[in-house]
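The chain contents come next:
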Amino acid sequence: MTLKKLDADPSTLETVLEELKSDESNRNKINFILFVANNDPTTNRSWCPDCVRAEPVIYKTLEESAEEVNVIRAYAGDRPTWRNPVHPWRVDPRFKVTGVPTLVRWDGDSVKGRLEDHQAHVPNLIRPLLAPST
């Protein structure tokens, strides 16, 4: 149906999540957070080869859904920033991100499903995350 993309980074993710939650038009939409690496300014491509492989597959799979979907592209930073063991998303108990890309289904205040970096490029693993929440 429709896929709306929003962008965030460690300093703006909380604001984006709050805006998403408070906007009445999002009540019936499925929300995802896609944790990805930033683009390398010298190539304008992600420094993360897994992100380069997974992102188009994720967007295509979500766009093919009959559901209304929001996806927050949460940019983790350049390689040294992401590799820091105390990166905010590594230590946040809600996310516990260990690798990029990581796709999580976000229902209000918690993760309701996730695909880690080695799974996020597989459409047959993405589709079940679109199932109605129970």
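Just above sits the structure.
Residues numbered from 1 in each chain as written. Predicted model: local features only at pLDDT ≥ 70, side-chain atom pairs only at ≥ 80, totals over all residues. Heavy atoms only, no water.

**Examining the environment of Ser25**
Inference 1: Turning to its location among the elements, Ser25 is positioned in the loop between helix H1 (13–22) and strand S2 (30–36).
Inference 2: A distance of 2.8 Å separates polar atoms of two side chains, one belonging to Ser25 and the other to Asp23. (Helix = DSSP H or I, 4+ residues; strand = E, 2+ residues; numbered from the N terminus. Polar contact = N/O pair within 3.5 Å; in protein donor to acceptor, adjacent residues only side chain to side chain.)

**Some thoughts on the side chain of Arg105**
Inference 1: Mapped onto the elements, Arg105 comes out in strand S6 (residues 102–107).
Inference 2: Under the relative-accessibility criterion, Arg105 is labelled buried at 7%.
Inference 3: Side chain to side chain, Arg105 and Asp107 meet in a polar contact 3.4 Å long.
Inference 4: One polar contact links the side chain of Arg105 to the main-chain carbonyl oxygen of Leu129, over a distance of 2.7 Å.
Inference 5: For Arg105, the residues in contact, after removing those within four places along its chain, are Ile30, Asn31, Phe32, Ser110, Val111, Lys112, Gly113, Leu129, Leu130, Ala131, Pro132 and Ser133. (Buried < 20%, exposed > 50% of the residue type's maximum accessible area, 1.4 Å probe, protein only. Contact = heavy atoms within 4.5 Å.)

**A closer look at H1**
Inference 1: All buried positions along H1 are accounted for by Leu13, Val16, Leu17 and Leu20. Axial view of H1: buried residues confined to an arc of 100 degrees, hence all on one face.
Inference 2: Those residues of H1 that are buried lie in contact with strand S1 (2–8), S2, strand S5 (68–75), helix H4 (88–91) and S6. (Arc of directions from axis to C-beta.)

Purely geometric numbers; function is a separate question.
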